[in-house]
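Chain by chain, the residues:
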Amino acid sequence: MKLIDGKGLAHTIKEEIAVEVAAIKEKGGKIPHLAAVLVGDDPASASYVRNKVRSCDQCGFQSTLIRKDSSTTEEALLGIIEGLNEDPDIDGFIVQLPLPKHINEENVTLAIDPKKDVDGFHPTNFGRMALGLPSYLPATPFGIVQMLDRYGIETSGMHCVVVGRSNIVGTPMSILLSRKAKVGNCTVTLTHSRTRDLSAETLRADIVIAAIGIPNFIGADMVKEGAIVIDVGINRVDAPERKRGYKLVGDVDFDAVAPKCSFITPVPGGVGPMTVTSLLLNTLKSSKREIYG
Ligand code: L34
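Reading guide: rules and limits
- Residues numbered from 1 in each chain as written.
- Predicted model: local features only at pLDDT ≥ 70, side-chain atom pairs only at ≥ 80, totals over all residues.
- Heavy atoms only, no water.
- Buried < 20%, exposed > 50% of the residue type's maximum accessible area, 1.4 Å probe, protein only.
- Helix = DSSP H or I, 4+ residues; strand = E, 2+ residues; numbered from the N terminus.
- Pairing = 2+ DSSP bridges.
- Axes fitted to C-alpha atoms, helices over the stretch in contact; angles between N-to-C directions.
- Parallel < 35°, antiparallel > 145°, perpendicular 65-115°, else oblique.
- Left-handed = near helix turned anticlockwise from the far one by under 90°.
- Contact = heavy atoms within 4.5 Å.
- Nonpolar A, V, L, I, M, F, W, Y, C, P; charged D, E, K, R; others polar.
- Near = heavy atom within 4 Å.
- Polar contact = N/O pair within 3.5 Å; in protein donor to acceptor, adjacent residues only side chain to side chain.
- Areas by Shrake-Rupley, 256 points an atom, 1.4 Å probe, with all protein chains shown as cover.
- Salt bridge = Lys/Arg side-chain N within 4 Å of Asp/Glu carboxyl O.
- 1 Å grid on protein atoms, 1.4 Å probe; cavity = no way out; pocket = protein on both sides within 12 Å on 5 of 7 lines; lining within 4 Å.
- Points joined across faces, edges and corners; volume = space filled by probe spheres on them.

1. Quick word on the pairing of strand β7 (residues 207-210)
- A two-sided burial pattern is seen for β7, the buried positions comprising Ile 207 and Ile 209 on one face and Val 208 and Ala 210 on the other.
- Relative to β7, strand β5 (residues 159-163) runs parallel, the two being bridged by 4 bridges. Residue pairing for β7: Val 163 is matched across the bridge by Ala 210.
- The sheet contact formed by β7 and strand β8 (residues 228-231) spans 4 bridges and is parallel. In the strand pairing of β8, Ala 210 is matched with Asp 231.

Printed below as a string of structure tokens:
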């Protein structure tokens, strides 16, 4: 079993980005500028956004954090988005999800200028991704693709089973892995809550992508010997013995599943840090006008 060290790989990629940003600065070019909008006080979201801002600092990016309380109206949020769309210094921005219930996430996603949509959530970017045109890839799937690439995992011809069909992970992941690309050429099965016999599906998988949001959901009896397991789940479960009172666990029962795997990602320190790094890569692409000219 080989552990895929997402945290270490994210660190390496951030060092590479920092070198490039330093060279841009040297030549008097535009320093990449990412803005993040955080509405409400969900502690997990606050922690992810903190990681994003800290990573910007590490890479020499400029960053702007806009925090609003949970009573913020949809109209006010759309006003903030409009301002960011029009601000020439902002290369890209994200609105951290989930949003408070009274705000319609679809309206928010649609309001973001696709050229600045470094999350890759806007239908324009999603559609371009699906067609294989240059686009901002959604951060988590992009991070997973980079992990497979940098670990030299040859995915061509493999059977990949994605568990979970969310707009931001499961669905785009299934599209990316089936595309004709260096990391791709998989035969993909997208499974979800209505899948009749989930274990029968996952047991056939050379690659399992677990993105369901249920702690320890994927057990050893669901994974075949030698499989590659990518755990996207980040669940906070009570742990009174810990200083914070909780611990992070994935959607995979790591201790039980790991001995059967050829490769597996841990939680924390797996997909999460790669998600953050992907966002930086997209922002760098935007500042260099790589996607939309
Ligand atoms: N708009 N909303 C928008 N864009 C995104 O790309 C996200 N996502 C998901 C939730 N909402 C979003 C994130 O940023 C998930 N996600 C995310 C980002 C970073 C980390 C986890 C999820 C992360 O840094 N995880 C660390 C531990 C973090 C902790 O200590 O709480 C890890 O090692 O897994």
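The rest of the description comes next.
2. Description of the packing of helix α2 (residues 43-59) against helix α10 (residues 271-287)
- The interhelical angle for the contact between α2 and α10, taken along N-to-C directions, is 55°, at an axis separation of 10 Å. Regarding the angle of α2 to α10, the classification is oblique. In this structure, α2 crosses over α10, and the sense of that crossing is right-handed. Taking contact as the criterion, the partners of Asn 51, Lys 52, Ser 55, Cys 56 and Cys 59 in α2 are, on α10, Val 276, Leu 279 and Leu 280.
- Class assignment of the residues belonging to the contact of α2 with α10 gives a composition of 5 nonpolar, 2 polar and 1 charged.

3. A short note on the site of the ligand
- Contacts to the ligand come from 17 residues, most closely from Asn 51, Lys 52, Val 95, Asp 119 and Gly 269.
- At 2.7 Å from an oxygen atom of the ligand is found a side-chain nitrogen or oxygen belonging to Asn 51.
- Contact between the ligand and Gly 269: an oxygen atom at 2.6 Å from a main-chain N or O atom of the residue.
- If the ligand stood free it would expose 680 Å²; the protein chains cover 87% of that surface.
- Counting residues per element, the ones that place at least two in the shell around the ligand are α2 and α10.
- Considering only residue class, the shell around the ligand consists of 9 nonpolar, 6 polar and 2 charged.

4. Observations concerning the sheet that holds strand β6 (residues 187-191)
- Read across the sheet, 6 strands follow the order β1-β11-β8-β7-β5-β6 without closing on themselves; strand pairing throughout is parallel. This sheet does not close on itself; its edge strands, each paired only once, are β1 (2-3) and β6.
- Contacts from helix α7 (residues 170-178) reach β5, β6 and β7 within the one sheet, and its direction differs from that of β6 by about 170°.

5. Focus on the pattern of salt bridges
- Per the stated rule, a full pass over the model turns up 9 salt bridges.
- Put simply, Asp 89 and Lys 30 hold a salt bridge, and the shortest N to O gap is 3.9 Å. Taken together, the residues Asp 89 in the loop between α3 (74-86) and β4 (92-95) and Lys 30 in the loop between α1 (6-26) and β2 (33-39) connect sequence positions 59 residues apart.
- For Asp 91, the salt bridge is made with Lys 30, and the minimal N-O distance between the two is 2.8 Å. Taken together, the residues Asp 91 in the loop between α3 and β4 and Lys 30 in the loop between α1 and β2 connect sequence positions 61 residues apart.
- Salt bridges here are not isolated pairs; linked through shared partners, they connect Lys 30, Asp 89, Asp 91 and Arg 289.

6. What to know about unusual backbone geometry
- Cis geometry is adopted by the peptide bond preceding Pro 98, which originates at Leu 97 and carries an omega value of 0°.
- Its location among the elements puts Pro 98 in the loop between β4 and α4 (105-111).
- With an omega of -5°, the peptide bond between Val 267 and Pro 268 qualifies as cis.
- Relative to the helices and strands, Pro 268 is located in the loop between β11 (263-264) and α10.
- Its identity as a non-glycine residue notwithstanding, Asn 185 has a phi of 55°, on the positive side.
- A positive phi angle is found at Asn 216, which is not glycine, with a value near 55°.
- Mapped onto the elements, Asn 216 comes out in the loop between β7 and β8.
- The exposure class assigned to Asn 216 is partly exposed, which follows from its relative accessible area of 39%.

7. Overview of the layout of surface pockets
- As a volume, the second largest pocket reaches approximately 330 Å³.
- Around the second largest pocket, the lining comprises 19 residues; the ones closest to its centre are Arg 242, Lys 247, Leu 248, Val 249 and Val 267.
- Breaking the lining of the second largest pocket down by element, the ones donating at least two residues are β10 (246-249) and α9 (254-257).
- In terms of residues, the lining of the second largest pocket owes the most to one element, β10, which gives 4 residues.
- Here the lining of the second largest pocket is built from residues that sort into 9 nonpolar, 3 polar and 7 charged.

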